[in-house]
Amino acid sequence: MSFFEIKKISKRFGGVKAVTDVSFTVQEGEIFGLIGPNGSGKTTLFNLISGFYKPNAGSIHFQGNRIDGKEPHQINRLGVARTFQVVKPLKRMTVLDNVMVGAFATATGPKEAKAIACETLDFCRLDHRRKNLAGELTIGDRKRLEITRALATKPALILLDETFAGLNHAEQDDSIKLIGRIRDSGVTIIIVEHIMKVIMNISDKVHAINFGETMAEGTPSKVVSHPEVVRAYLGEPYDHHA
Amino acid sequence: MKKHTFGIVIAGILAVAPLLIDNDYYLHLMILALMWVVIGSAWNLLAGYTGQVSFGDAAFFGTGAYTAGLLHDHLGWSPWWGLLFGPITAIMVAVPFGWICFRLRGAYFALATLALNEVMRHTATIMDGFTSGMAGVMILQSFTSKIPYYYIALALAILSVVCVMAVMGHRSGYYFLSIREDQDAAESLGIDTHFYKMISLAIAAGLTGVAGALYMNYMGFIDPEVVFSLHDISIMAILVGIVGGVGTIYGPAIGAFVMVLAQELFRTGGFGVITSLAESTGNASMITIANNMTQAHTLGFGILVVLVIRFMPNGIAGDWEMLVKAVTKKR
């Protein structure tokens, strides 16, 4: 039994096939990259995994539980957290309160939730913003808040949806370090990302999709040299020294 | 304790108020205002904190009122039992409604509450074998003095403010706010948003049901047009919340007193000032104003809400500091 497995999953919206027969397996402790052109179905896959969409066919398994068809909140409680590509800060709540909402997943009361939240804010280096309203944050901090809040629910698997988009280089480097720390803390990661530097640096395995179908899967260097991936997504072969 | 000082001081003043105000008319207004504190706090929990705007609070208010009245009519029980059973029946109306209608979001949910309001009003009118229909329900009041009603209303008002405060300090409170801010984000953080919206609705319905039962006991007469009234109960609940301050603990309490005062101002023609002015001066336009003012409260409330939303979008409690600054600066 694998840690996380998607078996031949398909999702249609009316006549549009968003995802067709995609299968992959993620091992515990891995950083699993998901790449593909815009509209290739990456976010749809995340919505399927996290329960916001129900698949038309196929199944999703996590730690021995079949999770497709379950509600998003049930899937979170089973240990799968997610962030949103278009960030969803709880704007009129403070950063601390945002994270506390997540922390209540395992906390018995407000005191414990606050302790977990502060710990997670420290871990993600966002503690200096704890008293700010989430609506006041810059995009970089908002992206980080998404991760912090999701981590506060103490997941075993976290889905990161383009958490690097819109970040400057310094922020990108910070986020790469953060993702390393998350992995080291024992959380498995599936990451959707367009910035190839990130994918190449941190992923153990990469899965490339186009038009909702699998193009290639394997180590990052193998996938970026796959001719179809180059043609459909990268445009030119990935230069490791660029 | 410091943050509760304001509430404790106000509660203390209200507790001794009847000793200072030996006037049935003013006590009557105070009792109504305290009843509106209960309804406003309930509306605020659901709409202000959970973000589920209700246009149908009268459904729960009327259910509470009818429970008190009908327990007496059919079973001969004291209508005071309504304070216990009113909230239970209101919750029994709220839960199936919420279970179905919380699939709707935003304005669509608000429209559903509006429909519930009308369904309940028509039900109470049509089932006249059970509810006496338009003839209404009449009971004999327990007390001739206003004082006992005042203290019961005060106790319920304090109870509802404390109840909202307690809920908002705990897990459910954080969940309510997160649902208001972003339902999908809340869901992704493991919150059963449908369930917690129902909890919020149930608490709101329960409190509103208590207020209804109090109304039955205090006024001694109800009919469907009064307790299931869209504009006198449901809309008034919204006005209390908005004027006082949406999503604030004390806002609905402040809004309740302001709105009851405003309502009375219109009903009595500026406490009789306009009327006497019109009589003494014989000024034609003054007479027109005096004649129409008693019916113009809807217009007046509309203008009041426009002004509040324009100048104090967070209500009196929410924009209190701004209000203080504006007043002190001018001096």
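The rules behind the values
- Residues numbered from 1 in each chain as written.
- Chains lettered and ligands numbered in written order.
- Predicted model: local features only at pLDDT ≥ 70, side-chain atom pairs only at ≥ 80, totals over all residues.
- Heavy atoms only, no water.
- Helix = DSSP H or I, 4+ residues; strand = E, 2+ residues; numbered from the N terminus.
- Rg over C-alpha atoms; globule rule 2.2 N^0.38 Å.
- Buried < 20%, exposed > 50% of the residue type's maximum accessible area, 1.4 Å probe, protein only.
- Contact = heavy atoms within 4.5 Å.
- Lys, Arg positive; Asp, Glu negative; His and termini not counted.
- Charge placed at Lys NZ, Arg CZ, Asp CG, Glu CD.
- Buried area = accessible area lost by both parts, 1.4 Å probe.
- Salt bridge = Lys/Arg side-chain N within 4 Å of Asp/Glu carboxyl O.
- Nonpolar A, V, L, I, M, F, W, Y, C, P; charged D, E, K, R; others polar.
- Pairing = 2+ DSSP bridges.
- Polar contact = N/O pair within 3.5 Å; in protein donor to acceptor, adjacent residues only side chain to side chain.
- Domains from an automatic or database assignment.
- Phe/Tyr/Trp six-rings, centres within 6.5 Å; stacked < 30°, edge-to-face > 60°.
- Axes fitted to C-alpha atoms, helices over the stretch in contact; angles between N-to-C directions.

A word on the overall build of chain B. Of regular secondary structure, chain B possesses 18 helices and two strands. For chain B, the C-alpha radius of gyration of 20 Å lies close to 20 Å, the compact-globule estimate for 331 residues. Taken along its principal axes, the extent of the C-alpha atoms in chain B is 65 × 60 × 40 Å. Here chain B, with 331 residues, has 50% of them falling under the buried criterion. Counting contacts in chain B only where the partners sit at least 6 residues apart, residues at least 24 apart contribute 76% of the total. When the 15 positive and 18 negative side-chain charges of chain B are each reduced to one mean point, those points stand 13 Å apart.

Each partner contributes residues to the interface: chain A has 25 residues there, and chain B has 18 residues. Across the chain A/chain B interface, buried area totals approximately 1900 Å², and carbon plus sulfur atoms make up 61% of it. For the pair chain A and chain B, the interface holds one salt bridge. If you list the elements that add at least two residues to the side of chain A that touches chain B, you get α2 (72-77), α3 (95-103) and α5 (139-152) of chain A. The residue inventory of the side of chain A that touches chain B, partitioned by class, reads 12 nonpolar, five polar and eight charged.

The pairing of strand β1 (residues 4-13) of chain A with strand β2 (residues 16-26) of chain A spans seven bridges and is classified as antiparallel. The partner of A:I6 across the bridge, within β2(A), is A:F24.

Residues and elements named next belong to chain A. Tracing the backbone shows T148 in helix α5. Side-chain polar atoms of T148 contact the backbone oxygen of R144, separated by 2.7 Å. Each residue touching T148, except ones within four places of it in the same chain, is listed here: V99, T120, L121, C124 and L126.

What follows is about the domain arrangement of chain A. Residue and element names in this part refer to chain A. Split into domains, chain A comes out as domain 1 (1-79 + 156-242) and domain 2 (92-154). Between domain 1 and domain 2, the contact holds 17 residues from the first and 13 residues from the second. Of the roughly 1200 Å² buried between domain 1 and domain 2, counting both surfaces, carbon and sulfur atoms make up 62%. Inspection of the region where domain 1 meets domain 2 yields zero salt bridges. Where domain 1 touches domain 2, the interface holds three residue pairs in polar contact (both at pLDDT 80 or more). Class assignment for the residues of the side of domain 1 that touches domain 2 results in seven nonpolar, five polar and five charged.

So, on to the environment of B:N117. Residue and element names in this part refer to chain B. In this fold, N117 is placed in helix α5 (residues 107-126). For the pair N117 and G48, spaced 69 residues apart in sequence, the C-alpha separation works out to 19 Å. For N117, the contacting residues outside a window of four places in its chain are F55, G56, A58, A59, F228, S229, L230 and S234.

Turning to the pattern of salt bridges, a few remarks are in order. All names here are of chain A. Going through the model one piece at a time under the given rule, you end up with 13 salt bridges over all chains. Here D204 and R183 are joined by a salt bridge, their closest N and O atoms 3.0 Å apart. Of the two residues, D204 is situated in the loop between α7 (196-202) and β9 (205-210) and R183 in helix α6 (residues 169-184); the sequence distance between them amounts to 21 residues.

Throughout the structure, instances matching the rule amount to 25 aromatic pairs over all chains. When the centroid spacing of 5.2 Å and the interplanar angle of 50° are considered together, the rings of A:F104 and B:Y174 count as tilted. Here A:F104 is found in the loop between α3 and α4 (110-123), whereas its partner B:Y174 is found in helix α8 (residues 171-181) on a different chain. For the pair A:F104 and B:Y174, one class covers both residues: buried. Centroid distance B:W81 to B:F85: 6.1 Å. Interplanar angle 45°. Geometry classified as tilted.

In this section: the sheet that holds strand β6 (residues 80-82) of chain A. One key point about sheets: their strands pair by backbone hydrogen bonds, in either a parallel or an antiparallel sense. All names here are of chain A. Here six strands make up an open sheet; going across it, the order is β6-β7-β8-β3-β9-β10 and the pairing mixed. On the outer flanks of this sheet lie β6 and β10 (213-218), each paired with one strand and no other. Put simply, the sheet's adjacent strands are angled 20° from each other on average, direction ignored. Strand direction decides the pairing type here: strand β3 (residues 31-35) and strand β8 (residues 188-192), joined by four bridges, are parallel. The partner of F32 across the bridge, within β8, is I190.

It is worth spelling out the sheet that holds β1(A) at this point. All names here are of chain A. One open sheet holds the four strands; their spatial order is β2-β1-β4-β5, and the pairing between them is antiparallel. A single partner strand is all that each edge strand has here, and the edge strands are β2 and β5 (65-66). By the bridge criterion, two bridges tie strand β4 (residues 57-62) to β5 in an arrangement that is antiparallel. The residue bridging H61 from the neighbouring strand is R66, located in β5.

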